[in-house]
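Residues per chain, in single letters:
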Amino acid sequence: MLAPAPAPAPTKDIPVLVSFPICPFVQRSAILLEHKQQRYERINIDLANKPDWFLALSPTGKVPALVINTGETEPSVLFESAIINEYLDETYGKPLLTGNSLSKAHSRAWIAYTEVLIMQQYALLLEQEEEAFQQKLEAFFIALNKLKPASGAPFFNGKAFSLVDAAIAPVFTRLRWLPQLREMLKEEALINEESAGLLAWIENLVNNTAVQASVASDFEQVFIEYFKDRNSVAIAQWEQQGL
Ligand SMILES: N[C@@H](CCC(=O)N[C@@H](CS)C(=O)NCC(=O)O)C(=O)O
């Protein structure tokens, strides 16, 4: 259990990311902040026992929330990771979401799709029944294969890191606990060029500096404990394989 967190009191231009240690949506924003090399603070809250200040700040009661002190007014609060990331993108450093209306809408559409994948992966990791786990694994594999990164490129849109990369990378970080899925992807990559591109993109993002810096040093331990406590088939299988 997390110790009660104090309400954020952001210093000017140092945003506070209200977080839960293993939340993939929080990780999306942490990735972008790390990519932009923007200083920020992170406050972890206990989602099973949300502080009153958080419930007062966030209409959805969900993390991430971003608390910003621009120096001009009372601190502002943003919620919804995709919206937070667009704000971070426009505010710090060189914007990543550029181009014409169609290319921006294209990126936003794929970012929306990555939320579907995040939810699907979470349900898969929480599954307690072997048979249902297998079914969900296959459905997740199909959904993952619908992602179409630019051909031969390290990132979704080509050579440059994009908001789509920041939005999907948390899913890729968590694939290490789904070794069966990685094997399925490798097998598919042998016979399908698009899947080979997907696999290369996954590897590239997992090893990306901003993605690696977006989780705390105890992330792995906290993640395993969280799902073990919920009798996760995925984690039991992962442990059996001694990975
Ligand atoms: N669409 C939201 C989803 C955020 C979300 O579901 N966060 C989870 C943690 S990973 C949460 O705060 N759950 C607490 C609750 O639903 O009460 C976003 O992109 O920020």
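What counts and how
- Residues numbered from 1 in each chain as written.
- Predicted model: local features only at pLDDT ≥ 70, side-chain atom pairs only at ≥ 80, totals over all residues.
- Heavy atoms only, no water.
- Near = heavy atom within 4 Å.
- Polar contact = N/O pair within 3.5 Å; in protein donor to acceptor, adjacent residues only side chain to side chain.
- Areas by Shrake-Rupley, 256 points an atom, 1.4 Å probe, with all protein chains shown as cover.
- Helix = DSSP H or I, 4+ residues; strand = E, 2+ residues; numbered from the N terminus.
- Contact = heavy atoms within 4.5 Å.
- Phe/Tyr/Trp six-rings, centres within 6.5 Å; stacked < 30°, edge-to-face > 60°.
- Buried < 20%, exposed > 50% of the residue type's maximum accessible area, 1.4 Å probe, protein only.

Asker: What should I look at first to understand the site of the ligand in this one?
Answerer: Taken together, 13 residues lie near the ligand, and C23, K50, V63, E80 and S81 sit nearest. Interatomic distance of 2.9 Å between a backbone N/O atom of V63 and an oxygen atom of the ligand. For the ligand, the protein covers 77% of the area, taking 510 Å² as the surface of the free molecule. Per element, the largest residue contribution to the shell around the ligand is 3 residues, and it comes from helix α1 (residues 24–35).

Asker: Explain the environment of S29 here, please?
Answerer: Secondary-structure assignment places S29 in helix α1. Aside from chain neighbours lying at most four places away, what touches S29 is L17, P64, S81, I84, N85 and L88. Within the local environment of S29, its side chain forms a polar contact with the side chain of N85, the two groups lying 2.9 Å apart.

Asker: Quick question: what am I supposed to make of the packing of aromatic side chains here?
Answerer: A ring pair, where both rings are aromatic, is described by two values, the distance of the centres and the angle of the planes. The final tally for this structure, using the stated rule, is 14 aromatic pairs. Taken together, a centroid distance of 6.2 Å and an interplanar angle of 70 degrees make the contact between F20 and Y226 edge-to-face. Residue F20 is located in the loop between β1 (16–19) and α1, and its partner Y226 is located in helix α10 (residues 219–228); the two are separated by 206 residues in the primary sequence. Accessibility classification places F20 together with Y226 in one group, the buried group.

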